[in-house]
Amino acid sequence: MKTCRKMGIKTVAVHSDVDANAVHVKMADEAVCVGPAPTNRSYLNMDAIMDAIRITGAQAVHPGYGFLSENKEFAKRLAAEDVVFVGPDTHAIHAMGDKIESKLLAKAAKVNVIPGFDGVVEDAVKIAGQIGYPVMIKASAGGGGKGMRIAWNDDETREGFRLSSQEAASSFGDDRLLIEKFVDNPRHIEIQVLADKHGNALWLNERECSIQRRNQKVVEEAPSTFLDPDTRRAMGEQAVQLAKAVKYSSAGTVEFLVDSKKNFYFLEMNTRLQVEHPITECITGLDLVQQMIRIAKGFPLVHRQEDIPINGWAIESRVYAEDPYKSFGLPSIGRLSQYQEPISLPNVRVDSGIQEGSDISIYYDPMISKLVTYGATRAEALQKMEDALDHYVIRGVTHNIPLLREIITNPRFISGDITTNFLPEEYPEGFTGHRLTPEGRRELLATAAALYISAQLRSQRFMGTFLDVEVDGGSVEVSGEWNLASALLPLSINGNPRVLQCLSRDATGQITLQYLGTQVRPLRVLSRLAAKLTGHMPEKVPEDTSSILRSPMPGSVVAVSVKPGDMVAEGQEICVIEAMKMQNSLIAARAAKVKSVHCKAGETVGEGDLLVELE
C-alpha cells in the first residue's frame, strides 16, 4: 500500500471482522469486510472477495504473501472478470504451485533437482524405503513450512505422513504429499527472479535463509556469505531458465538446497512476493512491489542483468509473537499493551501490520513484523540489528526477540558457518535465553540496584546520575538518564553502552529486566530489613508436571487419543493441538494410567490449560 500510494494508485483493503482495526485497513482508501475470523470464511472466501472487487470497482488485486497468493482458481476468476492479478498467470501458478509437477518441469528445464519420488504418494513407508532414509515428506501444494516433516525411519514416516496430510488439507485444501531425499546439513538459499510478459527475465541475487525452526525461516540475509560469484551466477541462470520455461511474469523466488560442496538442488518456486523481499530491495535498490505492478500492467523490464548490483548487506529478523523457550517458538496470543518500533535508528526498516493495542489471535500467523537492517558491510548490518532488537519494545505478548538476538550475536553465525540445523545444533536442549557470564551477572545486579535507588529517590531530580555499585566485592559503575516512565533504559555500565528495558517492578522488590535481549527474572532488590523478613516467607511448591499435560500454546484441539482408564507409554501421543495452521503432537511424559481428560476435539484451549491428568 505504501508503494501504491507512491505510484498514485488508490487501494482497497479486504479484512475479516476481527481485523477491522488492522493497520492495512487504516492505510487503504477503502475497506471491505469479507467475513468472520476463520480464514476459510474470510481471506480464503473467493466469493466474498470477488463481491468486494465488484462493489468497489477494483481493477487489480495484489494478493500479498499468503492465503490466495498462489491459488490458480482465484487468478482464473479474476481474469474472467477482466481484473488484473498482480502476479503470474494461472499456468505458472499451477505448474510451480504443485511441487510434483514443478519438479518434473525443473528437470526438463535442466535445473538440478533432489532425488525422490515424482508422483502422488500412496504408500509412504514403501516409497521412503526405496529412496533411503532420511526423507522429507511435504505438501504438494503451498509452503511456509506447513505440511512438512523429516522422517528417519518407518515409524516417523507413518506419523509424518498423517500430520503433514492433515496440515496440508487444513492450510491449502489439498492433502497430496510428495517424498524426496533429505539433504542433511544443507543451506537454504533462494534466488529472487523478476520476469515480464515480453520474455525478459532477471535474477536479483540470492537470500540466505538457513536459520529456520520447523522448516520456517527466522533470520535471512542478502547476500549469502557462502556463495562465490560463479555459484551465484549458475544458480541465478538456472532460476531464470525455470522462470522462462513456465513463461513466468512477475516477481518470484526459486529456492535451492546447497550442500557443503556448493552443489545446489531445486527445492520449489514460490509464485508470489516473499516475506523476506525487503533485504533484496536493500542491496539492489529496486522496489519489488512497484516492479510487480508495472509488469502486471504490461510494461517491459527496464533493467538488464548487468544493471543488478550487490550494494552492501541486509539482514532480516522475523519478529513473532512466540515463546522461543518452547520448541524455538510456539505461538503466543494477547493484546499489544505497549509497542514501539526502533525506526528512529539509522538504516532500520520495520514492515509490520500491527500497532499498539492490536490483538494477536489464534486465527492467523503470529508474525509481528519484519525487522530489517542495512549496512555497507555484514558486520555493520549485524551491529545495527543488535541495536534495533535492544530498542524494540513489545509488551502484552511473549515474543522471540531473545532468540533473534542470540542468533545474530552467536560466534558461529557471525562467522557464516550455518546450515538449516543451526538451531538444534547450537541449542540441543532447547533455547534457554542469554547465558550470563560472571561480568554480565554483575552488570545486571548493579543495574537492578541502581534502578531500585532511582525509584526510591524519584521525588528528587535523578537525571544523568552516576552510581558506583558494589557487587561481589567489586565495583560496577552505572550511569544514565533514569527516566522511569520510559520503556528504554540507555545506560553506560563500566563504560560499555547498554540498552535495557524494565519490564516490571513491584512493591516486593521484584524487578524484571530485558538484558541483552533476554527477559531476566526474578531480580529482587530489598532493604536490609525486608531481606531479613523475607526468610520467614513460605515458598510455593512447584507443580508436578509429569502427572499432568497442559497446553503449551493457545489453539484448537484437533484430536484426543486417550480416555480415562487407558494405559499410556512414555512418549505416546495424547492429543494434537493446532495453532496458526501448525499441528503439534503432545505426548505423555511417563508411563501411567489416564486419570481424567479435560478436553475434546474441536475445543479451543489457552496456553497452560489442563488437558489430561495421569495417575
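Residues numbered from 1 in each chain as written. Predicted model: local features only at pLDDT ≥ 70, side-chain atom pairs only at ≥ 80, totals over all residues. Heavy atoms only, no water.

**A closer look at the overall build of the protein chain**
The helix and strand inventory of the protein chain stands at 17 helices and 35 strands. Taken over the C-alpha trace, the protein chain has a radius of gyration of 26 Å; the compact-globule value for 615 residues is 25 Å, and the two agree within 12%. The buried share of the protein chain, taken over its 615 residues, is 52%. Relative to all contacts within the protein chain whose residues are 6 or more apart in sequence, the contacts with residues 24 or more apart total 61%. For the protein chain, the computed accessible surface area is about 27,300 Å², with 51% contributed by carbon and sulfur atoms. (Helix = DSSP H or I, 4+ residues; strand = E, 2+ residues; numbered from the N terminus. Rg over C-alpha atoms; globule rule 2.2 N^0.38 Å. Buried < 20%, exposed > 50% of the residue type's maximum accessible area, 1.4 Å probe, protein only. Contact = heavy atoms within 4.5 Å. Areas by Shrake-Rupley, 256 points an atom, 1.4 Å probe, with all protein chains shown as cover.)

**Here we look at the side chain of Glu573**
Tracing the backbone through its elements, the reader meets Glu573 in strand E31 (residues 573–579). For Glu573, a relative accessible area of 15% translates into the label buried. A polar atom in the side chain of Glu573 sits 2.6 Å from the side chain of Ser585. Once residues lying within four places of it in the same chain are set aside, the contact partners of Glu573 are Glu159, Arg162, Ser561, Val562, Ser585, Leu586 and Ile587. (Polar contact = N/O pair within 3.5 Å; in protein donor to acceptor, adjacent residues only side chain to side chain.)

**Section: the pattern of salt bridges**
Between side chains of opposite charge, pairing is possible as soon as their charged atoms come close. Within the structure shown, the criterion is met by 40 salt bridges. Here Arg441 and Asp472 are joined by a salt bridge, their closest N and O atoms 2.5 Å apart. With Arg441 in helix H16 (residues 438–456) and Asp472 in the loop between strand E22 (465–471) and strand E23 (474–480), this pair connects stretches of sequence that are 31 residues apart. (Salt bridge = Lys/Arg side-chain N within 4 Å of Asp/Glu carboxyl O.)

**So, helix H13 (residues 401–408)**
Since one α-helical turn is 3.6 residues long, residues separated by three or four positions face the same way. With eight of eight residues buried, H13 is to be regarded as a mostly interior element. Taken residue by residue, H13 has Ile401, Pro402, Leu403, Leu404, Arg405, Glu406, Ile407 and Ile408 as its buried positions.

**Describing the packing of helix H7 (residues 124–131) against helix H8 (residues 154–172)**
Remark: H7 packs on H8, axes separated minimally by 9 Å, with the N-to-C direction vectors making an angle of 130 degrees. As judged from the angle between their axes, H7 and H8 are oblique. The chirality of how H7 crosses H8 is right-handed. Counted together, Ala124, Val125 and Ala128 of H7 and Asp154, Thr157, Arg158 and Phe161 of H8 form the full contact between these two elements. Across the contact of H7 with H8, the residue classes tally to four nonpolar, one polar and two charged. (Axes fitted to C-alpha atoms, helices over the stretch in contact; angles between N-to-C directions. Parallel < 35°, antiparallel > 145°, perpendicular 65-115°, else oblique. Left-handed = near helix turned anticlockwise from the far one by under 90°. Nonpolar A, V, L, I, M, F, W, Y, C, P; charged D, E, K, R; others polar.)

**Comments concerning the sheet that holds strand E7 (residues 177–181)**
Read from one edge to the other, the open sheet built from three strands follows the order E6-E5-E7, with strand pairing classed as antiparallel. Since the sheet does not close on itself, it has two edges, and those belong to strand E6 (148–151) and E7, each with one partner. Each adjacent strand pair in this sheet contributes to an overall mean axis angle of 20 degrees, direction not counted. Both strand E5 (residues 135–139) and E6 contribute to a ladder of four bridges, which runs antiparallel. Bridge pairing in E6 places Met136 opposite Ile150. Docked against the sheet, helix H6 (residues 99–108) engages E5 and E7, running at close to 45 degrees with respect to E7. (Pairing = 2+ DSSP bridges.)

**As for the environment of Ala128**
Looking at the element boundaries, Ala128 is found in helix H7. It is 61 Å that separates the C-alpha atoms of Ala128 and Leu526, two residues lying 398 residues apart in sequence. Once residues lying within four places of it in the same chain are set aside, the contact partners of Ala128 are Tyr133, Val135 and Thr157.

**Points about the sheet that holds strand E29 (residues 555–560)**
The strands that make up a sheet pair up through hydrogen bonds in the backbone, lying either parallel or antiparallel. In spatial order, the strands read E32-E31-E29-E34; together these four strands make up an open sheet with antiparallel pairing. Edge strands, defined here as strands with exactly one partner in the open sheet, are strand E32 (582–587) and strand E34 (604–605). By the bridge criterion, two bridges tie E29 to E34 in an arrangement that is antiparallel. Bridge pairing links Ser556 to Thr604 in E34. Across the sheet, H8 is in contact with E31 and E32; its angle to E32 comes to roughly 145 degrees.

**A word on unusual backbone geometry**
Residue Pro134 is reached from Tyr133 by a cis peptide bond, and omega for that bond is 0 degrees. With respect to the helices, strands and loops of the structure, Pro134 is situated in the loop between H7 and E5. Positive phi, normally seen in glycine, also occurs at Lys262, with a value near 70 degrees. The class for Lys262 is partly exposed, based on a relative accessible area of 27%.

**What to know about the pairing of strand E26 (residues 510–515)**
In terms of residue burial, E26 counts as a mostly covered element, since five of its six residues are buried. Where strand E25 (residues 496–505) meets E26, four bridges bridge the pair, whose relative direction is antiparallel. Each residue of the ladder has a partner; that of Ser504, found in E26, is Thr512. Taken together, E25 and the strand that follows it, E26, pair antiparallel across an intervening segment of four residues, in which Gly509 is found at a positive phi of about 90 degrees. Relative to strand E27 (residues 518–524), E26 runs antiparallel, the two being bridged by five bridges. Across the sheet, Gln510 pairs through a bridge with Arg524, a residue of E27. Taking the residues that link successive antiparallel strands as the turn, the E26-E27 hairpin has two residues, and the phi of Leu516 there is positive, at about 55 degrees.

**Focus: the nonpolar core**
Residues Ile368, Leu371, Tyr392, Ile394, Ile407 and Phe413 are the most contacted members of the largest nonpolar core, which totals 35 residues. Those elements that provide at least two residues to this core are strand E10 (216–222), strand E13 (313–320), strand E18 (348–352), strand E20 (367–375), helix H12 (378–390), H13 and helix H15 (422–426). Discounting chain neighbours no more than four positions away, the residues touching Phe413 are Ile211, Val219, Glu221, Arg378, Leu382, Ile407, Ile408, Ile418 and Phe422. Of all hydrophobic cores here, the second largest spans 28 residues; its members include Ala109, Val193, Ala201 and Ala243. (Core = buried A, V, L, I, M, F, W, Y, C linked by side-chain atoms within 4.5 Å.)

**A look at the domain arrangement of the protein chain**
Taken as a whole, the protein chain is organised into domain 1 (1–93), domain 2 (117–181), domain 3 (187–426), domain 4 (438–535) and domain 5 (548–614). Here the C-alpha centre of domain 4 lies 51 Å away from the C-alpha centre of domain 2. (Domains from an automatic or database assignment.)

**Focus: the side chain of Ser42**
Inspection of the secondary structure assignment puts Ser42 in the loop between strand E2 (30–35) and helix H3 (46–56). Residue Ser42 is classed as buried on the basis of its relative accessible area, which comes to 0%. Polar contacts involving the side chain of Ser42 include one to the main-chain carbonyl oxygen of Pro38, which spans 3.0 Å. Those residues in contact with Ser42 that sit more than four places away from it in its chain are Ser16, Val34, Gly35, Pro36, Ala37, Ile49 and Tyr364.

**Structural notes on the environment of Asp19**
Following the sequence through the fold, Asp19 ends up in the loop between strand E1 (12–16) and helix H2 (23–27). According to the relative accessible area criterion, Asp19 is buried, its value standing at 19%. Note: C-alpha distance between Asp19 and Asp359 (340 residues apart in sequence) is 8.8 Å. Within the structure, Asp19 has its side chain in polar contact with the side chain of Tyr43 (distance 2.6 Å).

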